[in-house]
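# Per-entry structural report
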Amino acid sequence: MLGGGGVTGAAYVFGTLLALQMATDWDPQDAEVIVGTSSGAFVAAMIRGDAMDLQAMADAGLAGKDLEEWLHQRIYGRIRPRGMMRWLTQGLVPAVTNPGLGLVLGTPGLYSTDSIAEWVDGSLGPLAASWPSEPTVIVAYDLESRSRVPFGTESAPEVALRDAVAASSAVPFIYEPTQIEGRWYVDGGVASGTSVDLVLGSPEPLDLIVVIAPMAATTARPGGRFYEDFMDRMGRGALATELDLIRRRWPETEVLVLRPDDRVLAVCRPNLMSVDAAVPTFLATLRSMRDDLAHPSTWRVLSDHIVS
């Protein structure tokens, strides 16, 4: 389960998966089910397209400002802000009677997710226009129905993988909502940062669920902004509810949750959308995972299920 968390969240998810692969010789492609939300949706697509490597995630031939510019071009496609009426009808007005996150729904954005869709296209080729054969769920949020949409399941419309990733990545205020077949979608993290409960759609219980949750840290960053702890508390709450449901339905299933520690938080916050912080977050994640994965309780779970 690959959670969202902006640019630095994607770096954390990528670093965690790479560390898992190096430590256990387990290939993320072998996961029976992958659920990706927001930036985790992009990583999920890379996994299913056998493109989860440094070359696909960032041009390995670049460094410093050149690499940052390369990433910026692929993440931020600038547009003229638009959609004030959409925000009024689908965000502001409904929020008057039901205050909360609905206030941000449909907000005009400075950037388009078209550049993200193009990145998926360039990395995955024909797969970007279709869907992986292995169970893969990409989570977005439908503005009109105000509901979570798990693309890749029978309950959701059939869409191209690149479009699903773009829709799931449309962070309110930053990106323009993504339109697919006449409907507007935004970041799947509006509903849940991880949407772990969607694995219950599997016909059989899974042996192990690995949750990578960049937005559900258990420790606060020293000197952190007020909204950081708020977002983490929201993430922890949603994740706890989803995990409780799984444990009641699948009591024999083991769950491993991996979250950023203080070393990662020190570089990935406060701006989750910072391209400059992507590489430092990735490197800090590799360092932190060396300790996290070696913890006796964690290594016992990995040894029982995925260590080669």
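We now turn to the structure provided with this report. Computed from a predicted structure; not experimentally measured. (Residues numbered from 1 in each chain as written. Predicted model: local features only at pLDDT ≥ 70, side-chain atom pairs only at ≥ 80, totals over all residues. Heavy atoms only, no water.)

Moving on to the overall build of the protein chain. In terms of regular secondary structure, the protein chain is built from 11 helices and nine strands. Counting the 308 residues in the protein chain, one finds 53% classified as buried. For the protein chain, the accessible area works out to roughly 14,000 Å², and carbon and sulfur atoms hold 54% of it. (Helix = DSSP H or I, 4+ residues; strand = E, 2+ residues; numbered from the N terminus. Buried < 20%, exposed > 50% of the residue type's maximum accessible area, 1.4 Å probe, protein only. Areas by Shrake-Rupley, 256 points an atom, 1.4 Å probe, with all protein chains shown as cover.)

With that out of the way, let us pick up empty space enclosed by the protein. With the rule as written, the count across this model stands at one cavity of 30 Å³ or more. By volume, the largest cavity amounts to about 50 Å³. Together, Gly5, Thr8, Gly9, Tyr12, Pro214, Met215, Pro260, Val264, Cys268, Arg269, Leu272 and Thr281 line the largest cavity. Those elements that provide at least two residues to the lining of the largest cavity are α1 (6-24) and α9 (262-268). Looking at the lining of the largest cavity, the element that brings in the most residues is α1, giving three residues. Classifying every residue of the lining of the largest cavity by side-chain character gives seven nonpolar, four polar and one charged. (1 Å grid on protein atoms, 1.4 Å probe; cavity = no way out; pocket = protein on both sides within 12 Å on 5 of 7 lines; lining within 4 Å. Points joined across faces, edges and corners; volume = space filled by probe spheres on them. Nonpolar A, V, L, I, M, F, W, Y, C, P; charged D, E, K, R; others polar.)

Turning to the environment of Leu239, a few remarks are in order. Mapped onto the elements of the fold, Leu239 is located in helix α8 (residues 226-249). Note: C-alpha distance between Leu239 and Val196 (43 residues apart in sequence) is 7.2 Å. Sequence-distant contacts of Leu239, that is, excluding residues within four places in its chain, are made with Thr194, Val196, Val211, Ala213, Ala216, Val257 and Arg259. (Contact = heavy atoms within 4.5 Å.)

To continue, consider the environment of Leu71. Mapped onto the elements, Leu71 comes out in helix α4 (residues 64-75). A relative accessible area of 6% means that Leu71 is categorised as buried. In this structure the C-alpha to C-alpha distance between Leu71 and Ala278, which are 207 residues apart in sequence, comes to 9.0 Å.

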